[in-house]
Amino acid sequence: VTAELATDIINSQQKILPGYRLNITWFDDRCNDDYGPQLMLREWYSGDWLAVGGNGCSAVCRATALVAATIRIPHISYGCAARYLSDSTALPYFAHMMTSESTMFVVVKALAAEYGWTRMVIISANPARYNPTAKGFEQDFADDPIDVEWLMPYDP
């Protein structure tokens, strides 16, 4: 809804992109890093795109960011938070609006200190997809007095 509202404002005011009209087309990349780039390229060749906005899964963001760099269009994500996506040298056309996982650690650590947390439980779905994130948090808290447990209630 927010993207649609922003698009309406940008199109009606004509202050940010004078002479241009933005259109939004929604696609489901299935949070699949093999399917996402294929979908992106298929749509790219069939339309008139100026940028990619979207993707909420870090693996798909990385894969589509590499494609975006190849075809030289900006790629902005609302939800990808993986640490490796902050490397602007490797992904020069990519920007993410979500707080990076490395920054999330700082916030969670401050909250833990503020409220005297002694235990943290990470609950994730598919371990193949969330393993780097959960392992990163476990490593970040390895030297802290917080007991970190990772639960994976995943049933393929």
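Notes on the structure in this doc start here. (Residues numbered from 1 in each chain as written. Predicted model: local features only at pLDDT ≥ 70, side-chain atom pairs only at ≥ 80, totals over all residues. Heavy atoms only, no water.)

**Details of unusual backbone geometry**
Even without being glycine, Gln14 reaches a positive phi, approximately 55°. A positive phi angle is found at Asn55, which is not glycine, with a value near 65°. Tracing the backbone shows Asn55 in the loop between strand E1 (52–53) and helix H3 (58–71). Accessibility expressed as a relative area gives 12% for Asn55, which makes it buried. (Helix = DSSP H or I, 4+ residues; strand = E, 2+ residues; numbered from the N terminus. Buried < 20%, exposed > 50% of the residue type's maximum accessible area, 1.4 Å probe, protein only.)

**A look at the packing of helix H4 (residues 101–115) against helix H5 (residues 127–140)**
The N-to-C vectors of H4 and H5 enclose an angle of 45°; their axes lie 11 Å apart at closest approach. Here H5 runs oblique to H4, going by the angle between their axes. The handedness of the crossing between H4 and H5 is right-handed. Residue-level inspection shows Glu101, Met104, Phe105 and Val108 of H4 in contact with H5, the latter providing Thr133, Phe137 and Asp140. (Axes fitted to C-alpha atoms, helices over the stretch in contact; angles between N-to-C directions. Parallel < 35°, antiparallel > 145°, perpendicular 65-115°, else oblique. Left-handed = near helix turned anticlockwise from the far one by under 90°. Contact = heavy atoms within 4.5 Å.)

**Some details on the pattern of salt bridges**
One pass over the structure, following the stated rule, counts five salt bridges. Here Arg83 makes a salt bridge to Asp140, at a shortest N to O gap of 2.5 Å. Here Asp140 lies in helix H5 and Arg83 lies in the loop between strand E2 (75–77) and strand E3 (94–96), a separation of 57 residues in the sequence. The salt bridge involving Lys135 is made with Glu138; its shortest N-O contact spans 3.5 Å. Of this pair, Lys135 and Glu138 are both found in helix H5, three residues apart, which corresponds to roughly one turn of the helix. (Salt bridge = Lys/Arg side-chain N within 4 Å of Asp/Glu carboxyl O.)

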